[in-house]
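Read off the chains here:
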Amino acid sequence: MRAVVQRVARASVDVGAQAVASIGPGLLVLCGVGPADGDSDCNWLAHKIVRLRIFNDDAGVMNRSLLEVGGAMLAVSQFTLYASTRKGARPSYSAAAPPELAAPRFDAFVRALERELCKPVATGIFGADMQLSLVNDGPVTIWLDTAARE
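To start, this report covers the structure provided alongside it.

Quick notes on the rules
Residues numbered from 1 in each chain as written. Predicted model: local features only at pLDDT ≥ 70, side-chain atom pairs only at ≥ 80, totals over all residues. Heavy atoms only, no water. Helix = DSSP H or I, 4+ residues; strand = E, 2+ residues; numbered from the N terminus. Rg over C-alpha atoms; globule rule 2.2 N^0.38 Å. Buried < 20%, exposed > 50% of the residue type's maximum accessible area, 1.4 Å probe, protein only. Contact = heavy atoms within 4.5 Å. Areas by Shrake-Rupley, 256 points an atom, 1.4 Å probe, with all protein chains shown as cover. Salt bridge = Lys/Arg side-chain N within 4 Å of Asp/Glu carboxyl O. Core = buried A, V, L, I, M, F, W, Y, C linked by side-chain atoms within 4.5 Å.

**Observations concerning the overall build of the protein chain**
From N to C terminus, the protein chain includes three helices and eight strands. Reading the protein chain from its N terminus to its C terminus gives the helix and strand order β-β-β-α-β-β-α-β-α-β-β. Computed over C-alpha atoms, the radius of gyration of the protein chain comes to 15 Å, within 12% of the 15 Å expected from 2.2 N^0.38 for 150 residues, which places it in the range of a compact globule. Out of the 150 residues in the protein chain, the part that is buried amounts to 40%. Sequence-distant contacts in the protein chain: of pairs separated by 6 or more residues, those separated by 24 or more amount to 73%. Surface summary for the protein chain: the accessible area is close to 8000 Å², and the carbon and sulfur share equals 51%.

See the structure below:
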């Protein structure tokens with residue numbers, strides 16, 4: 001699994017003209033699923049994201065986690081995180097899990113996030129053409145990949 005984690009002042013997702021989800025201060029997580037990803041990937045990634053110390057403490061140092069600040073989370077599936085641009089200018093997405101594998105794995109990831117946070121996580125709609133709006137706070141943007149486990 002791959003994730004781009006952004007600390008946000010606010011974020012929202014729309015599908016067509018309909019608002020699907022929105023959050024205030026917290027994290028926007030864009031998540032791509034690979035074909036070999038399993039429960040251990042979901043659990044490791046959720047644990048890591050919720051505990052990333054990327055929120056400021058009273059001294060202005062990034063030293064607090066989402067758990068500590070009580071922030072919200074919006075998770076959105078994004079297969080394009082598995083894009084390969086090795087050949088030509090048109091990305092290939094063959095390294096991403098097909099939708100029939102990715103949808104249940106993304107749902108498991110969201111459930112793992114909710115267990116770690118002990119509260120609901122807002123989501124987009126899997127497979128939909130979504131429009132995201134966000135105000136990146138900092139900016140703070142972190143890339144995580146379960147294959148590297150860094």
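**Re the environment of A19**
Topologically, A19 is positioned in strand β2 (residues 18–23). Excluding residues that lie within four positions of it along the chain, A19 makes contacts with V13 and D14.

**Some words on the pattern of salt bridges**
Applying the stated criterion across every chain yields a total of five salt bridges. Linking D145 and R2 is a salt bridge whose minimum nitrogen-to-oxygen distance equals 3.0 Å. Of the two residues, D145 sits in strand β8 (residues 130–145) while R2 sits in strand β1 (residues 2–15), which places them 143 residues apart along the sequence. The exposure class of D145 is buried, given its relative accessible area of 16%. Salt-bridge contacts for R51 lead to E116; the nearest nitrogen and oxygen are separated by 2.4 Å. Here the residue R51 occupies a position in helix α1 (residues 39–51), and E116 occupies one in helix α3 (residues 99–117), the gap between them amounting to 65 residues. Judged by its relative accessible area of 36%, R51 falls in the partly exposed class.

**Notes on the nonpolar core**
In this structure, V5, L27, L45, I49, M73 and F109 are the most contacted members of the largest nonpolar core, which totals 31 residues. Where this core is concerned, the elements lending two or more residues are β1, β3 (26–32), α1, β6 (72–77), α3 and β8. If near-sequence neighbours (up to four positions away) are discounted, L27 is found in contact with V5, Q6, R7, V8, I49, I54, F55, L66, A72, M73 and L74. Residues V8, A11, L81 and M130 belong to the second largest nonpolar core, which totals 12 residues.

**Concerning unusual backbone geometry**
Here G138 and P139 are connected by a cis peptide whose omega angle stands at 0 degrees. With respect to the helices, strands and loops of the structure, P139 is situated in strand β8. Phi is positive for C118, which is not a glycine, with a value near 60 degrees. Relative to the elements of secondary structure, C118 occurs in the loop between α3 and β7 (122–123). The class of C118 is exposed, set by a relative accessible area of 69%.

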